[in-house]
There are 2 protein chains.
Amino acid sequence: MAEDTLKQIFEYVDQHFDDHLAATQRYLRQPSISTENLGIQECAEMTAEMLRDLGADARLVPLQGGHPVVYGHLMSRNSDRTLLVYGMYDVQPVDPLEAWDSPPFEARIMDGRIIARGAINTKGPLMAFIHAVHSIQAVTGDVPVNLIFLIDGEEELGSRHLPQFIEQYTDELKTADAMYYHLPLETVKGHPQVSLGFKGIAYFELEVKTLPTDAHSMVGPVVNSSVWRLIWALNSMRGADDRIAIDGFYENVQPPTEEDERMLTDLLDIWGPRAFKEMYGITEFREGLDGLDLVREAIFAPGLNIDGFLSGYTGPGPKAIVPASAMCKIDIRLVPDMTVQEILDKVRAHLDRHGYGDIELRFVTGYDPARTSPKEHIAQAAVRALKRLDAEPGVVPILPGTAPQVLFSEPPLNLPFVMSGLGHGWLLHAPNEYFEVEGLLACEKSAVALLYEFADV
Amino acid sequence: MAEDTLKQIFEYVDQHFDDHLAATQRYLRQPSISTENLGIQECAEMTAEMLRDLGADARLVPLQGGHPVVYGHLMSRNSDRTLLVYGMYDVQPVDPLEAWDSPPFEARIMDGRIIARGAINTKGPLMAFIHAVHSIQAVTGDVPVNLIFLIDGEEELGSRHLPQFIEQYTDELKTADAMYYHLPLETVKGHPQVSLGFKGIAYFELEVKTLPTDAHSMVGPVVNSSVWRLIWALNSMRGADDRIAIDGFYENVQPPTEEDERMLTDLLDIWGPRAFKEMYGITEFREGLDGLDLVREAIFAPGLNIDGFLSGYTGPGPKAIVPASAMCKIDIRLVPDMTVQEILDKVRAHLDRHGYGDIELRFVTGYDPARTSPKEHIAQAAVRALKRLDAEPGVVPILPGTAPQVLFSEPPLNLPFVMSGLGHGWLLHAPNEYFEVEGLLACEKSAVALLYEFADV
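Bear in mind the structure is a predicted one, so any value in this text is a computation, not a measurement.

1. Details of the overall build of chain A
So, point 1. When its secondary structure is counted, chain A shows 15 helices and 20 strands.
So, point 2. For 457 residues, the compact-globule estimate of 2.2 N^0.38 gives 23 Å, and the C-alpha radius of gyration of chain A, at 23 Å, lies within 12% of that figure.
So, point 3. Looking at chain A as a whole, 65% of its 457 residues are labelled buried.
So, point 4. Across chain A, the fraction of contacts at a sequence separation of at least 24, relative to all contacts at a separation of at least 6, is 79%.
So, point 5. Summed over all atoms, the accessible surface of chain A reaches about 15,700 Å², with 47% contributed by carbon and sulfur.
So, point 6. Counting 37 positive and 67 negative side-chain charges, chain A places the centres of these two groups 2 Å from one another.

2. Quick notes on helix H2 (residues 17-29) of chain A
Side chains that are three or four residues apart share a direction in an α-helix, a result of its 3.6 residues per turn.
So, point 1. The end-to-end C-alpha separation of H2(A) is 18 Å, in line with the 18 Å expected for 13 residues at 1.5 Å each.
So, point 2. The elements touched by buried residues of H2(A) are helix H1 (3-15), helix H3 (40-53), strand E4 (108-110), strand E5 (113-115), helix H4 (123-140) and helix H15 (437-455) of chain A.

3. Points about the sheet that holds strand E19 (residues 425-426) of chain B
Residue and element names in this part refer to chain B.
So, point 1. Across the sheet, which stays open at both edges, the four strands sit in the order E4-E5-E20-E19 with antiparallel pairing between neighbours. What marks the edges here is a single partner per strand, and that holds for strand E4 (108-110) and E19.
So, point 2. In this structure, E19 lies alongside strand E20 (residues 434-436), joined through two bridges in antiparallel fashion. Residue tryptophan 426 lies in a different strand from E20, and its bridge partner there is tyrosine 434.
So, point 3. Across the face of the sheet, helix H14 (residues 437-455) comes into contact with E4, strand E5 (113-115) and E20 while running at roughly 70 degrees to E20.

4. Quick notes on the domain arrangement of chain A
Residues and elements named next belong to chain A.
So, point 1. The domain architecture assigned to chain A consists of domain 1 (3-196 + 372-455) and domain 2 (200-367).
So, point 2. Computed from C-alpha atoms alone, the centre-to-centre distance between domain 1 and domain 2 is 30 Å.
So, point 3. Listed as interface residues are 27 residues of domain 1 and, on the opposing side, 23 residues of domain 2.
So, point 4. Interface area for domain 1 against domain 2, summed over the two sides, is near 2,100 Å², with a carbon-plus-sulfur share of 66%.
So, point 5. Note that lysine 375 is salt-bridged to glutamate 259, the shortest N-O span being 3.1 Å.
So, point 6. Viewed at the interface, domain 2 and domain 1 are joined by four residue pairs in polar contact (both at pLDDT 80 or more).
So, point 7. For the side of domain 1 that touches domain 2, the secondary structure elements donating two or more residues are strand E16 (394-396) and strand E17 (399-402).

5. Here we look at the relation of the copies chain B and chain A
A rotation about an axis combined with a shift along that same axis relates the two copies of the chain.
So, point 1. For the pair chain B and chain A, the superposition axis carries a translation of 0.1 Å, the fit reaches an RMSD of 0.1 Å, and the rotation angle comes to 179 degrees. With respect to symmetry, the two chain copies, as superposed, fit the operation of a two-fold axis. By C-alpha distance to the rotation axis, the residue of chain B lying nearest is Leu310(B), at 2.4 Å.
So, point 2. Interface residue correspondence from chain B to chain A reaches 100%, placing this contact among same-surface, isologous pairings.

6. A word on helix H9 (residues 273-280) of chain B
So, point 1. Where H9(B) is concerned, the buried positions are Ala275(B), Phe276(B), Met279(B) and Tyr280(B). The arc that holds every buried residue of H9(B), seen down its axis, measures 95 degrees, which confines them to one face.
So, point 2. In the core, the buried residues of H9(B) are packed alongside strand E10 (215-216) of chain A together with helix H8 (268-271), helix H10 (291-300) and E19 of chain B.
So, point 3. At the C-terminal side of H9(B), Gly281(B) shows a positive phi close to 70 degrees.

7. Concerning the packing of aromatic side chains
Residues and elements named next belong to chain A.
So, point 1. As enumerated under the stated definition, the model contains 23 aromatic pairs over all chains in all.
So, point 2. Centre to centre, the rings of tyrosine 71 and phenylalanine 165 are 4.9 Å apart; their planes meet at 80 degrees, and the pair counts as edge-to-face. Of this pair, tyrosine 71 sits in strand E2 (residues 69-74) while phenylalanine 165 is found in helix H5 (residues 162-168), placing the two residues 94 residues apart along the sequence.
So, point 3. Note on tyrosine 71: relative accessible area 0%, which makes it buried.
So, point 4. Chaining the aromatic ring pairs together yields one cluster made of Tyr71, Phe165 and Tyr169.
So, point 5. Its end group placed over the ring of tyrosine 434, arginine 113 keeps NZ or CZ at 3.6 Å from the ring centre.
So, point 6. When the ring centre of tyrosine 27 is taken as origin, the NZ or CZ atom of lysine 123, which lies over that ring, is 5.2 Å away.

8. Thoughts on the pattern of salt bridges
Residues and elements named next belong to chain B.
So, point 1. Within this structure, the stated rule accounts for 65 salt bridges over all chains.
So, point 2. For aspartate 14, the salt bridge goes to lysine 445, with nearest N and O atoms at 2.9 Å. Taken together, the positions of aspartate 14 in helix H1 (residues 3-29) and lysine 445 in helix H14 put the pair 431 residues apart, joining distant regions of the chain.
So, point 3. The class for lysine 445 is buried, based on a relative accessible area of 16%.
So, point 4. The residue arginine 238 makes a salt bridge to aspartate 242 at a minimum N-O spacing of 2.8 Å. As far as the burial class goes, arginine 238 and aspartate 242 line up, both buried.

9. With respect to the sheet that holds E4(A)
Residue and element names in this part refer to chain A.
So, point 1. Sheet architecture is open: four strands sit in the order E4-E5-E20-E19, paired in antiparallel fashion. In this open sheet, the two edge strands, each paired with only one partner strand, are E4 and strand E19 (425-426).
So, point 2. Against the sheet, H15 contacts E4, E5 and strand E20 (434-436), and its axis sits at roughly 70 degrees relative to E20.

10. Looking at the interface of chain B and chain A
It is common to give the size of an interface as the accessible area lost on bringing the parts into contact.
So, point 1. In this assembly, 80 residues from chain B lie in contact with 80 residues from chain A.
So, point 2. Taking both sides of the interface into account, the surface hidden between chain B and chain A amounts to around 7,000 Å²; carbon and sulfur atoms contribute 62%.
So, point 3. When the area that chain B buries against chain A is broken down by residue, the three leading residues are Met218(B), Val222(B) and Trp228(B), summing to 11%.
So, point 4. A salt bridge links Lys319(A) to Asp95(B); the nearest nitrogen and oxygen atoms lie 3.9 Å apart.
So, point 5. Among the elements that line the side of chain B that touches chain A, the one with the most residues is strand E11 (residues 303-312) of chain B, at 10 residues.
So, point 6. Taken together, the residues of the side of chain B that touches chain A sort by class into 45 nonpolar, 21 polar and 14 charged.

11. Notes on the confidence of the model for chain A
So, point 1. Chain-level pLDDT for chain A is 95 on average; 100% of the residues reach the 70-or-more range.
So, point 2. Note on the complex model: pTM 0.84, ipTM 0.84.

12. A closer look at unusual backbone geometry
When glycine is set aside, most residues are seen to have a negative phi, and most peptide bonds are trans.
So, point 1. Following Asn121(A), the chain continues into Thr122(A) via a peptide bond in cis, with omega recorded as -20 degrees.
So, point 2. Note that Thr122(A) resides in the loop between E5 and H4.
So, point 3. Of note, the amide linkage connecting Asp95(B) to Pro96(B) takes the cis form, showing an omega dihedral of 0 degrees.
So, point 4. Within the secondary structure layout, Pro96(B) lies in the loop between strand E3 (82-88) and E4.
So, point 5. The phi angle at Ser159(A) is positive, at roughly 45 degrees, despite the residue not being glycine.

13. Let's talk about the packing of helix H7 (residues 226-237) of chain A against helix H6 (residues 226-237) of chain B
To characterise two packed helices, one gives the angle between the axes of the helices and the distance between these axes.
So, point 1. Put simply, H7(A) and H6(B) touch, their axes get as near as 9 Å, and they point 105 degrees apart. The orientation of H7(A) relative to H6(B) falls into the category roughly perpendicular. Residues Trp228(A), Ile231(A), Trp232(A), Leu234(A) and Asn235(A) of H7(A) touch H6(B), and the partners they reach there are Trp228(B), Ile231(B), Trp232(B), Leu234(B) and Asn235(B).
So, point 2. Considering only residue class, the contact of H7(A) with H6(B) consists of eight nonpolar, two polar and no charged.

14. Looking at the environment of Ile330(A)
Residues and elements named next belong to chain A.
So, point 1. Relative to the assigned elements, isoleucine 330 resides in strand E13 (residues 325-334).
So, point 2. In this structure, the C-alpha to C-alpha distance between isoleucine 330 and tyrosine 180, residues 150 residues apart in sequence, is 29 Å.
So, point 3. Residues in contact with isoleucine 330, not counting those within four places in the same chain, are Ala202, Tyr203, Phe204, Leu206, Leu234, Met237, Leu304, Asn305, Ile306 and Asp307.

15. A short note on the packing of H3(A) against H4(A)
Residues and elements named next belong to chain A.
So, point 1. Taken N-terminus to C-terminus, the directions of H3 and H4 make an angle of 20 degrees; their axes are 11 Å apart at the nearest point. The angle between H3 and H4 places the two elements in the roughly parallel class. Viewed along their axes, H3 and H4 form a crossing whose handedness is left-handed. Counted together, Cys43, Thr47, Met50 and Leu51 of H3 and Lys123, Leu126, Met127 and Ile130 of H4 form the full contact between these two elements.

Calculation notes
Residues numbered from 1 in each chain as written. Chains lettered and ligands numbered in written order. Predicted model: local features only at pLDDT ≥ 70, side-chain atom pairs only at ≥ 80, totals over all residues. Heavy atoms only, no water. Helix = DSSP H or I, 4+ residues; strand = E, 2+ residues; numbered from the N terminus. Rg over C-alpha atoms; globule rule 2.2 N^0.38 Å. Buried < 20%, exposed > 50% of the residue type's maximum accessible area, 1.4 Å probe, protein only. Contact = heavy atoms within 4.5 Å. Areas by Shrake-Rupley, 256 points an atom, 1.4 Å probe, with all protein chains shown as cover. Lys, Arg positive; Asp, Glu negative; His and termini not counted. Charge placed at Lys NZ, Arg CZ, Asp CG, Glu CD. Expected span 1.5 Å × (residues − 1). Pairing = 2+ DSSP bridges. Axes fitted to C-alpha atoms, helices over the stretch in contact; angles between N-to-C directions. Domains from an automatic or database assignment. Buried area = accessible area lost by both parts, 1.4 Å probe. Salt bridge = Lys/Arg side-chain N within 4 Å of Asp/Glu carboxyl O. Polar contact = N/O pair within 3.5 Å; in protein donor to acceptor, adjacent residues only side chain to side chain. Least-squares fit on C-alpha atoms with pLDDT ≥ 70 in both. Arc of directions from axis to C-beta. Phe/Tyr/Trp six-rings, centres within 6.5 Å; stacked < 30°, edge-to-face > 60°. Lys NZ or Arg CZ within 6 Å of the ring centre and 35° of its normal. Nonpolar A, V, L, I, M, F, W, Y, C, P; charged D, E, K, R; others polar. pLDDT = per-residue confidence, 0-100. Parallel < 35°, antiparallel > 145°, perpendicular 65-115°, else oblique. Left-handed = near helix turned anticlockwise from the far one by under 90°.

Structure follows, in structure tokens:
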């Protein structure tokens, strides 16, 4: 690699960072909550326009029943290597709104942090990538590899219509050598990571109705209660011993290999107790988990989580009713080799077998887990890129979070993939989501380095 | 009793019923939701004004921290017998508003029913009592007994400040010979009841917090979940075998006596399967309860009911979080000789003993159960009054619902009490609460008869 070129590009980034920061704030000010279909079209158009400014042939590809993909190519004059760049322009809802110190779509800078929904997950990093490409172009007049941009508008909805897109554009997408997702997961400041996999997710709702309408609670002693039934059904799935008791749940779970265990030991700072304390203020863990055991559980354990539970009257004062119905939202984080369909079937069978055939299971969204080998070129390029910026990344075999990478890693595309990037931000899916301003700067530079390392020049 | 006088009064009621109905609608149009402090002051003043129109010295007695009691005396020229007339001018909240066929404060008449919040519980019956007194006065120029009106503005809040009032006015209230609550509980049309008791209630909230803020659910496998903890705690209190397992819960519960059992057999139409079907459309009961067993359980069993449960995200789509906190609202219906304090202590001790010392228990409201003997004069007068109107009332030892009658039946007042009245209405605490128009008419007449039977003239 031409060290001088890289140095010049980094200088360019430094010199133009104020403009890049302002443009990032503008982008974050455009709401794009996919769940609520709020600002989606506007944000998609804004994204395409920015890619066109780079010279890409970006356009909105509508998906039947879903939000459009922003899609475009930017060809290199000097490389026949091609990188598929995945990103997302949608974000999570913002409630509880009152918990934000600054409005979620104001993108105010407070104490060196950009506070905004999407700041770190992941409109901020997408902007860093775009500015990295722009800076490379400004200095060199070209890009080091061919880029195919695929910017998802439904990641927070489980990318449920993305298979449509992949089917439609399989031939073009297969020209890529790898897939890259610029995801600066310095969850703990100063401890970047290169991630080679994602857990899958099965997200569904359970609902039980026992009465035609809410009833005065004086009938409580004689009627079947919806909310009690839901509690008992859930308790049968995960009881007070804190074990997941869904029949056959662990059947296909792959334990960590020796290579996995070696990776784990480098991850104590990233996914160990200190990380959870800094990330969430959490200092106590299930069953006193600590050290490497905590890391292993975070990365290799599937979870059975209740995201929400609603039944009856929850306002102020003493309204006394037997609620007609009760519902909860559940996500199960899938590790290799669990699959969405397998787990949904097992939950349904478990409910039926335990006498809860009346409980309705409604699938919401899901995708299977995905992993890439650390030996892949893109994985090694990502590690080298961060080291070039004097960072010592931990290599994470499977991120505890989820993204639809399986759509790219499985047939027909079969692409190796990696998530990486510098910069610290946090509070994904929570109030006061932030990306540090200096992290955004590092994030841009890490995208530059990644592209050159991937190009092998 | 002068049969002719009674006949003349009933004729007066018939002739003026259109006016009475219109006035009842006006009263129901005045919102008075105590939980939300909506329209309370206005409704209290409206109530006092109507009592003053009867000649009572009615006024609002403010209660520190609570809603005023409407209080007044109306003396008879011909009797030294005194009846304390309890009533309530407050109502339950109206949600879910969209479930009402007619707005809850429009008091529209549909299919022979007045649809309104408070129509049957119990602003409608209060108006029937007031119109009964008015009609007696119009025909006779007097009232058959002295009346002390005590109209509560916090019944739906558990009458939590009423003890203040009783303490302040003990001497005046003790001049009463009995307490009467005009409560036409023809839950099934054509089957009126005279009620000699109320269950008590202990209403409280449980809340558990395990995280400083909602966390991305990718941490689910390693953190303690608030909502799972609440589910396990609740399951320990009442498990899938549907038994209440709070330690010592049944310790003070008095089983029905032989006299109680005799009363039960007359109540199959009122509190048996047909009643539940007509009242709630409920045809299936806990553990297949049926017949007299169902009646016995409805009347003599304490309940452990969850009124509401809220945790995390409950909107549309797949927001994936571990909720920082979870809460539920619970009411326990107390039968003799359970007490509120005893039960709260037992719940707290149960939670502590089962490892849920972190779960906060917040008392909301409560009162102890209360019973009157069927041999009391007021009880026998109530039965005779309904029979005089060709009704065959069932005598209910304890109503499955609750009201703060214990405040009157226990020291210092020690008053016998009864709840009675003709007329069918239903959907208390639910959408489309109603009182049949012809039931309102019967309700007025039954108040007239009660007053004369109580006067023994």
